[in-house]
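Coordinate inspection notes
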Amino acid sequence: MRDALTRLGIEGDPLVRAAQEEQFGDYQSNCAMVLAKRLGRKPRELAVEIIAHLSIAELCEPPEIAGPGFINFRITPAAMARRLGAIPAAGHAGVERLGIERTPRPQRVIVDLSSPNLAKEMHVGHLRSTVIGDCIARVLEFAGHEVLRENHVGDWGTQFGMLVAYLRRIRPEVERNPESLIIKDLEAFYVEAKTQFDADDTFKAQSREAVVALQQGDATTRRIWQAFCEESLRHCHALYGRLGVRLVDRGESYYNELMQEVVARLEQRRQDDPNSAVRLSEGALCVFLEGFKTRDGQPLPLIVRKSDGGFNYATSDLATILHRVEHLGATRIIYVVGLSQKQHFEMLFAAARKVGFVGEEVSLHHLGFGNMLSPGGKPFKTREGGTVKLRDLLDEAVERARRVLQEPREEDWSAGRPDRASLADADMQRIAETVGLAAVKYFDLSHALGSDYKFDLDTMLSLEGNTAPYMLYAYARIRSIGRKAGIDFDALPATDLVLEHPAEIGLAKTLLRFAEVVQVASDELKPNVLTDYMYELSRAFSRFYDKRLGVRVIDASPETIRLSRLRLCDLTARTLKLGLDLLGIATLEQM
Ligand code: ARG
């Protein structure tokens, strides 16, 4: 299409998209309408002309014009077979990427994800940032970018004075032996310290002193603080390990010195130019930005040094940006943080550009997401009204997965599954862990980022529908087809594909769309584009393998057709596995 437009001397986007409905073919372009308007011509006429300049006979049936000037394309089975045939077979280079190329313009990208506050246990609110951030990082890495995953943990601030003072009071041995610190329940520990703080003025005073000592770099206070942070991070990493999430811890405290630098640079700007956006307001050093107003219409500046001289979240995030751009050389920074911080990031980004910390070559992106709500649609709380620990939530999902897996199932569902009785307890636990965590992640990622969703174990663990168990089951079932057919998919050579039956063509067409879907997911940073596709693919496979409407596979003949169909099975399994991997989900050979 692009070539055709060039030949016609027309500049413009060919606007080719997957067709919404089968009756319109496989792909559709509405560029004739858009361009005709611009050129003052009749859309259908222009469409005819574009088609006349297309050379796609090898790829498509002759394109058709529909309605006011849509151009519809239908890929020929022969072209599909060629394309699928070009996907590297087992043992060949690029097989694990299914032949998908890397971007010719790799960037150094930072994904700011998870980032809990270390004073407390990770709670359900941290699930989304962790899971979405991990998926985005995987997708961008797959696209060929260099991705740094930064865990911007909250390890600084007044709470830490209180925690250090409390540790000193109830665990004095930590002072001599900070490495020995073990806190079983961080949440309970925080609550105890806070209770003490509210009830005991001496302790309150000690906490305040500890904050000052910490800020002034007092060695003992620092050691205790560090011991606490390390213990808290161990709790976090137990969960990251379980979730299969890799990241680098670099907390707010890392930027302490850089915050001085930030303020010094801004102070310089203010002094150099009294009309600059950096000004004092009621004793605070502020960056004034266009378009940000308080509720009563007053200018709303970003405060970078409070009137008492203290720094805040914005100072710390400006220092972080400086570090990421100037030291880490990032040209793209993605913050995976809840939508409640939307305004913080808008102001932060505007300020960073305004004061020249970030040039045009660097993109800043707040990838905000909605809340995870309780099944009843309320904020997620324990029965007693406390926050739900992420660990408890995951444990519950795994336990429920185990029960679902142990339920008796229809005959069809037992494919790819070992005899339940023969399954050792340890295997059952491993499978339940994989399925339970997969269900939680998949369910989260399958919702549009910006909207809230209700955490619903029954739905996410359902064996039918757009769920992880369904996807994992589809994968395990296809792998078992290989075993039943006496074929090792991991050694299946390249085969000529025969695409005749509608179910074969439908599956092939869906398989071919994978590269395009990954591209969209990575361009638009939308995990649910991937989950939607996965669901479509597993349904296309079900139709293909359906006893009545699909084709024979294991006992198909002649051998060329049998091999072609087995290769389609193999490609489906590989696509499912790769897609799940991009979502951060591990597959199972048997389920
Ligand atoms: N620790 C923060 C919180 O719990 C999230 C940090 C997000 N990252 C950032 N660079 N501000 O709300």
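First, a word on what this report is: a plain description of the structure on this page. (Residues numbered from 1 in each chain as written. Predicted model: local features only at pLDDT ≥ 70, side-chain atom pairs only at ≥ 80, totals over all residues. Heavy atoms only, no water.)

1. Here we look at the environment of D249
Within the secondary structure, D249 is located in strand β7 (residues 248-249). Each C-alpha atom of the pair D249 and R83 lies 43 Å from the other, and the pair is 166 residues apart in sequence. Once residues lying within four places of it in the same chain are set aside, the contact partners of D249 are N151, L233 and H237. Side-chain polar atoms of D249 contact the side chain of N151, separated by 2.9 Å. A distance of 2.7 Å separates a polar atom in the side chain of D249 from a polar atom in the side chain of H237. (Helix = DSSP H or I, 4+ residues; strand = E, 2+ residues; numbered from the N terminus. Contact = heavy atoms within 4.5 Å. Polar contact = N/O pair within 3.5 Å; in protein donor to acceptor, adjacent residues only side chain to side chain.)

2. Quick look at the pairing of strand β11 (residues 332-336)
In terms of burial, β11 is largely enclosed, as five of its five residues are buried. Burial along β11 is two-sided: R332, I334 and V336 and I333 and Y335, pointing in opposite directions, are all buried. Strand direction decides the pairing type here: strand β5 (residues 108-112) and β11, joined by four bridges, are parallel. The residue of β11 that forms the bridge with D112 is Y335. Relative to strand β12 (residues 363-367), β11 runs parallel, the two sharing five bridges. In the strand pairing of β12, I333 is matched with L364. What joins β11 to β12 is helix α12 (residues 342-354), and the crossover it makes is right-handed. (Buried < 20%, exposed > 50% of the residue type's maximum accessible area, 1.4 Å probe, protein only. Pairing = 2+ DSSP bridges. Right-handed = clockwise from strand over helix to strand, strands pointing away.)

3. Observations regarding the packing of helix α5 (residues 125-143) against helix α20 (residues 559-582)
Orientation of α5 relative to α20, taken along the N-to-C sense of each, is 125°, at an axis distance of 8 Å. Between α5 and α20, the interaxial angle falls into the category oblique. On α20, the residues touching C135, R138, V139 and F142 of α5 are L578, D581 and L582. Split into classes, the residues belonging to the contact of α5 with α20 amount to five nonpolar, no polar and two charged. (Axes fitted to C-alpha atoms, helices over the stretch in contact; angles between N-to-C directions. Parallel < 35°, antiparallel > 145°, perpendicular 65-115°, else oblique. Nonpolar A, V, L, I, M, F, W, Y, C, P; charged D, E, K, R; others polar.)

4. Some details on the site of the ligand
Around the ligand, the neighbouring residues are D112, S115, H152, Y313, D317, Y335, V337, Q341 and F345. Y313 is positioned with one of its side-chain polar atoms (N or O) 2.8 Å from a nitrogen atom of the ligand. At 2.8 Å from a nitrogen atom of the ligand is found a side-chain nitrogen or oxygen belonging to D317. For the ligand, the protein covers 82% of the area, taking 350 Å² as the surface of the free molecule. Of the residues belonging to the shell around the ligand, the class tally is four nonpolar, three polar and two charged. (Near = heavy atom within 4 Å. Areas by Shrake-Rupley, 256 points an atom, 1.4 Å probe, with all protein chains shown as cover.)

5. Examining the side chain of R479
Inspection of the secondary structure assignment puts R479 in helix α16 (residues 468-484). In contact with R479, other than residues within four places in its own chain, are F489, D490, A573 and E589.

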